[in-house]
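Overview (structure and organization)
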There are 2 protein chains.
Amino acid sequence: MAKTRNRATGLPTLAEVAERAGVSPITASRALRSVPTVDPDLVDRVRQAARSLGYVPNPAARTLASARSRTVVVLIPALSNHLFIEMFEAIETVLRARGFEPLLGHYQYDALEEERLIRTFLTYQPCGLLLTGFDQTPAATRLLTDCGLPRVHMMELGEETEIPSVGFSQDEAGTAVAWHLISRGRRRFAFLGAQLDRRVLQRRDGFQRALLEAGMQPAVEFLSPDPSSIALGCQQFRSLRRDYPDIDAIFFCNDDLAFGASFEAARMGVPVPRQIAFVGFNDLPGANELVPRLTSVRTPRAEIGRVAARRLLALLDGETLSQPALDIGFELMPRQSS
Amino acid sequence: MAKTRNRATGLPTLAEVAERAGVSPITASRALRSVPTVDPDLVDRVRQAARSLGYVPNPAARTLASARSRTVVVLIPALSNHLFIEMFEAIETVLRARGFEPLLGHYQYDALEEERLIRTFLTYQPCGLLLTGFDQTPAATRLLTDCGLPRVHMMELGEETEIPSVGFSQDEAGTAVAWHLISRGRRRFAFLGAQLDRRVLQRRDGFQRALLEAGMQPAVEFLSPDPSSIALGCQQFRSLRRDYPDIDAIFFCNDDLAFGASFEAARMGVPVPRQIAFVGFNDLPGANELVPRLTSVRTPRAEIGRVAARRLLALLDGETLSQPALDIGFELMPRQSS
DNA sequence: TCCGCACAAGATAGCGCTATCCTTAACTCT
DNA sequence: AGAGTTAAGGATAGCGCTATCTTGTGCGGA
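Residues numbered from 1 in each chain as written. Chains lettered and ligands numbered in written order. Predicted model: local features only at pLDDT ≥ 70, side-chain atom pairs only at ≥ 80, totals over all residues. Heavy atoms only, no water.

The name given to chain A in an unreviewed UniProt entry is LacI family transcriptional regulator, and the organism recorded there is Xaviernesmea rhizosphaerae.

1. Regarding empty space enclosed by the protein
Under the criterion given, the structure shown has two cavities of 30 Å³ or more. Taken as a whole, the largest cavity encloses approximately 140 Å³ of empty space. Put simply, the parts of the chain that give the lining of the largest cavity at least two residues each are helix 5 (82-97) and strand 2 (101-106) of chain A together with helix 5 (82-97) and strand 2 (101-106) of chain B. A class-by-class count of the residues in the lining of the largest cavity yields ten nonpolar, one polar and six charged. Of the voids in this model, the second largest cavity is the one considered here, and its volume is about 60 Å³. Around the second largest cavity sit Arg68(A), Leu122(A), Gln125(A), Pro126(A), Cys147(A), Leu149(A), Ala8(B) and Thr9(B), which together line it. Taken together, the residues of the lining of the second largest cavity break down into five nonpolar, two polar and one charged. (1 Å grid on protein atoms, 1.4 Å probe; cavity = no way out; pocket = protein on both sides within 12 Å on 5 of 7 lines; lining within 4 Å. Points joined across faces, edges and corners; volume = space filled by probe spheres on them. Helix = DSSP H or I, 4+ residues; strand = E, 2+ residues; numbered from the N terminus. Nonpolar A, V, L, I, M, F, W, Y, C, P; charged D, E, K, R; others polar.)

2. Some points on the sheet that holds strand 5 (residues 165-167) of chain B
Residues and elements named next belong to chain B. On the basis of which strands lie adjacent, the open sheet formed by six strands has the order 2-1-3-4-5-11 and parallel pairing. One side of each edge strand has no neighbouring strand; the edge strands of this open sheet are strand 2 and strand 11 (325-327). Each strand axis lies, on average, 20 degrees off the axis of its neighbour in the sheet, ignoring direction. Where helix 5 meets the sheet, it contacts strand 1 (71-76), strand 2, strand 3 (128-132) and strand 4 (151-155), and its direction lies at approximately 160 degrees from that of strand 2. Docked against the sheet, helix 12 (residues 301-316) engages strand 1, strand 3, strand 4, strand 5 and strand 11, running at close to 170 degrees with respect to strand 4. (Pairing = 2+ DSSP bridges. Axes fitted to C-alpha atoms, helices over the stretch in contact; angles between N-to-C directions. Contact = heavy atoms within 4.5 Å.)

3. Examining helix 4 (residues 59-66) of chain A
The complete set of buried residues in helix 4 of chain A reads Pro59(A), Ala60(A) and Thr63(A). Down the axis of helix 4 of chain A, the sector holding all buried residues measures 100 degrees, keeping them to one side. Of the surrounding elements, those touching the buried residues of helix 4 of chain A are helix 4 (59-66) of chain B. Of the residues that open helix 4 of chain A, the one with a side-chain oxygen 2.8 Å from the backbone nitrogen of Ala60(A) is Asn58(A). A positive backbone phi angle near 55 degrees is found at Ala67(A), which sits one or two residues after helix 4 of chain A. (Buried < 20%, exposed > 50% of the residue type's maximum accessible area, 1.4 Å probe, protein only. Arc of directions from axis to C-beta. Polar contact = N/O pair within 3.5 Å; in protein donor to acceptor, adjacent residues only side chain to side chain.)

4. With respect to the protein's contact with DNA strand C
Surrounding DNA strand C, one finds 26 residues, the nearest of these being Leu14(A), Ser29(A), Thr27(B), Arg30(B) and Asp39(B). Among the atoms of DNA strand C close to the protein, meaning within 4 Å, 70% are from sugar or phosphate groups. Contacts to DNA strand C include Arg62(A), whose side-chain N or O atom sits 2.8 Å from a phosphate oxygen. At 3.4 Å, a backbone N or O of Ala65(B) approaches a base oxygen of DNA strand C. At the level of secondary structure, the elements contributing two or more residues to the surface near DNA strand C comprise helix 2 (25-32) and helix 4 of chain A together with helix 2 (25-32) and helix 4 of chain B. (Near = heavy atom within 4 Å.)

5. Observations concerning the environment of Thr320(B)
Residues and elements named next belong to chain B. With respect to the helices and strands, Thr320 occurs in the loop between helix 12 and strand 11. Relative accessible area serves as the criterion here: at 74%, Thr320 is assigned to the exposed category. The spacing of Thr320 and Pro164 is 156 residues in sequence and 9.9 Å in space, taken between C-alpha atoms.

6. Quick word on the protein's contact with DNA strand D
In the vicinity of DNA strand D there are 25 residues, among which Thr27(A), Arg30(A), Asp39(A), Ser29(B) and Arg62(B) approach most closely. A share of 70% is what sugar and phosphate atoms reach among the atoms of DNA strand D within 4 Å of the protein. Arg30(B) is positioned such that a nitrogen or oxygen atom in its side chain is 3.5 Å from a base oxygen of DNA strand D. Among the elements of the structure, helix 2 and helix 4 of chain A together with helix 2 and helix 4 of chain B are those that each provide at least two residues to the surface near DNA strand D. The greatest single-element share of the surface near DNA strand D, amounting to four residues, is contributed by helix 4 of chain B.

7. Thoughts on the packing of aromatic side chains
Residues and elements named next belong to chain A. All chains considered together, the criterion is met by 27 aromatic pairs over all chains. Ring geometry for Phe84 against Tyr109: centres 6.5 Å apart, planes inclined by 65 degrees, an arrangement best described as edge-to-face. Of this pair, Phe84 sits in helix 5 while Tyr109 sits in the loop between strand 2 and helix 6 (111-122), and the two are 25 residues apart along the sequence. A residue is classified by how much of its surface remains accessible, and Phe84, at 2% relative accessible area, is buried. By relative accessible area, which is 23% here, Tyr109 ends up partly exposed. Site record: aromatic cluster; members linked through ring pairs are Phe168, Phe189, Phe191, Phe207, Phe251, Phe281 and Phe330. Its end group placed over the ring of Phe281, Arg203 keeps NZ or CZ at 3.9 Å from the ring centre. (Phe/Tyr/Trp six-rings, centres within 6.5 Å; stacked < 30°, edge-to-face > 60°. Lys NZ or Arg CZ within 6 Å of the ring centre and 35° of its normal.)

8. Looking at the domain arrangement of chain A
Partitioning chain A into structural domains gives domain 1 (2-57), domain 2 (70-168 + 302-329) and domain 3 (170-298). One C-alpha centre belongs to domain 1 of chain A, the other to domain 3 of chain A; they are set 59 Å apart. (Domains from an automatic or database assignment.)

9. Here we look at the relation of the copies chain B and chain A
At an RMSD of 0.2 Å, chain B and chain A line up after a rotation of 180 degrees and a shift of 0.1 Å along the axis. Taken together, the rotation and translation describe the operation of a two-fold axis. Considering only C-alpha atoms, the part of chain B nearest the rotation axis is Ala60(B), at 2.2 Å. A symmetric contact is evident, with 100% of the interface residues of chain B recurring at the interface of chain A. (Least-squares fit on C-alpha atoms with pLDDT ≥ 70 in both.)

10. Re the UniProt feature "domain: HTH lacI-type" (unreviewed entry) in chain A
With numbering matched to this structure, UniProt assigns "domain: HTH lacI-type" (unreviewed entry) to residues 12-66 of chain A. For residues 12-66 of chain A, the end-to-end C-alpha separation is 20 Å, with 69% helix and 0% strand making up the annotated structure. (UniProt positions renumbered as here; feature names shortened; annotations may be inferred.)

11. Describing the sheet that holds strand 8 (residues 249-252) of chain A
Residues and elements named next belong to chain A. What the four strands build is an open sheet, ordered 7-6-8-9; its pairing is parallel. Two strands lie at the open edges of the sheet, namely strand 7 (220-224) and strand 9 (277-279), each paired on one side alone. Averaged over all neighbouring strand pairs, the angle between strand axes comes to 15 degrees, with direction disregarded. Sheet topology places strand 8 next to strand 9; three bridges connect them, and they run parallel. Within strand 9, the residue paired with Ile250 across the bridge is Phe278.

12. Things to note about a positive patch on the surface
Together, Arg30(A), Arg33(A), Arg62(A) and Arg70(A) line one region of the surface with positive charge. Along the chain, Arg30(A) falls in helix 2. (Patch = residues over 30% accessible without salt bridge, like charges linked within 9 Å, V, L, I, M, F, W, Y side chains within 5 Å. Areas by Shrake-Rupley, 256 points an atom, 1.4 Å probe, with all protein chains shown as cover. Salt bridge = Lys/Arg side-chain N within 4 Å of Asp/Glu carboxyl O. Lys, Arg positive; Asp, Glu negative; His and termini not counted. Charge placed at Lys NZ, Arg CZ, Asp CG, Glu CD.)

13. A short note on the packing of helix 6 (residues 111-122) of chain B against helix 7 (residues 138-147) of chain B
Residue and element names in this part refer to chain B. Following both chains from N to C, one finds helix 6 and helix 7 inclined at 25 degrees, their axes separated by 9 Å at the closest point. Taken together, the axes of helix 6 and helix 7 are roughly parallel relative to one another. In terms of crossing hand, the pair formed by helix 6 and helix 7 is left-handed. From helix 6, Glu115, Ile118, Arg119 and Leu122 reach across to helix 7, where they touch Ala139, Ala140, Leu143, Leu144 and Cys147. For the contact of helix 6 with helix 7, the per-class residue count stands at seven nonpolar, no polar and two charged. (Parallel < 35°, antiparallel > 145°, perpendicular 65-115°, else oblique. Left-handed = near helix turned anticlockwise from the far one by under 90°.)

14. Here we look at unusual backbone geometry
Residues and elements named next belong to chain A. Here the amide bond leading from Val272 into Pro273 is cis, since omega sits at 5 degrees, within 30 degrees of zero. You will see that Ala67, though not glycine, has its phi angle at about 55 degrees, which is positive. Assessed through its relative accessible area of 9%, Ala67 is described here as buried. The residue Gln108 is not glycine, and still its phi comes out positive at about 50 degrees. When you line up the elements, Gln108 lands in the loop between strand 2 and helix 6.

So, in structure tokens, the structure goes:
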């Protein structure tokens, strides 16, 4: 008996479960993994033995023996962006329900760090990966291709590729914001951006293109490589007011910049939206409570996480996805600030 | 050669490194783990062989063979609270630098879910744990004691216990806020709380006790079991104004409640701090930018994470901590709102 | 010179599972 | 009835490492 216990933790092992159920270890293993060739009565007996012993499989042994784990690597650019947290929580819920464990990594928007993470996490022999965007380094892309593991990219749509992705068109979102501001009679535009990842730039491009097509002057740009934050929004707004006092509409690449600008505008006595209209992005918690309530683009990050996780599970089940790039859209939330 | 490759990933194994370095696998293993009995020349040769092959150890095999991993379980109440994200990022930095990998879990402030996580994560045979607070279930506490793994509790200080902890006195923080508000001439107090974990209640208790000792009326309490959020702050502030229009100072258990209340006050035309003073908690990003700038208690969460991780590493190195409960204080940040 | 000792390096075994055969028994079909 | 077929369950081996024991080597002291 004691011999069958895990030497370090004292936890019961599969051998002990098998003994109690009166079957061989391999049958117990199969029963617990729902391998269909096992007699239902035996499955019951094994399951019950496992329950009564409080048996939990040893993931290290499982991974080593099967050369495959129940782990799904999830990589997000940063933990400090609430956007990705919500996406991750949705992923986690879907995966856990099917007995998979997410392994979370983040890389501060640094593609080289992302590559390093991929290299490290592949040694954990995950069964699949969920990645944010398509801006991996060439070396990372090679690693991903070579390992042959199923993966789904999130937030951005893969164009001209068979690689599964779930997201929305960042470009179209920028366009929608432009139309909205134009329709409200705005004429002199600015784009305030931080953390210049691909998606921010796609938004910017869509915004600028729409302005151009509408015959407007291109938007003034204030771009910062720093992470977007409320404090940065304050700074950028002050700079903008100093250099371009006649701007009458701002599109912020993220709501926290808009929050900061909103605070600064109040302090400076600049009336929003009378003198200047604000449109944020992501519709983060608080956007609807801000004074004035902030117009923003609601991004379906929880839905993206959920769908991406489900797609990955489908791939693991051997299904094929009819449509690799799945666009689940976005929603403009017009509020007081514009 | 091919025989020594990992069957699933095609990655080189320790056997291949050993062969290239001209030593036995076990010597290679020892060299890479810096076991001191290996000849420095051999260590060099092995290290170089490993580098040239791009060798990375297989964590599953390592864990299985040694019954111990390089994994540290880190449990936080929720991902959606920026406080814990900052703490985790600091932990991660310290652990990674020493070759340890954090395994992050969160439990939505649910002690039973925390217990389940502990049970699951122990099967990963971590080498230690970092936990938030001291409000584990009795069963979880038993699990933790039985497994005998080193652990450090964060954010709260363990009283009358030898279990290592790093944090500050939540109670004293509440007291400090009370003194501050009293010193500013405030007389009618409210405490708005959400997500009623132990630490929130300790803050409340410290606040109320100080008021009592100063001969003040006890603070009116608005407590919600829901997670704290900007939207909830709005609601609670409206309710408070409706039921107790003469309150002249509010202590919020978290800054986001104060943010919401601040927005709502602006909308309702209630002047802050003239008619009512606000004090938040945690000094989250944006507190210093809010209009009016928010008085808050700066909690050293990054420092807590850093120190806790370092203490755990010290325990793993076999050191003993002279002082189990380490108080690293807090700082009241008086600003415009009070 | 020989013995014993310290210590570096290797041989061996096994961690707790699962992949892959292999056995056995029940059944079908001619 | 006998060969062939199918399927359930077990025996065996091995995943890639490391704990532990064993061996070999060099050295000092009697």
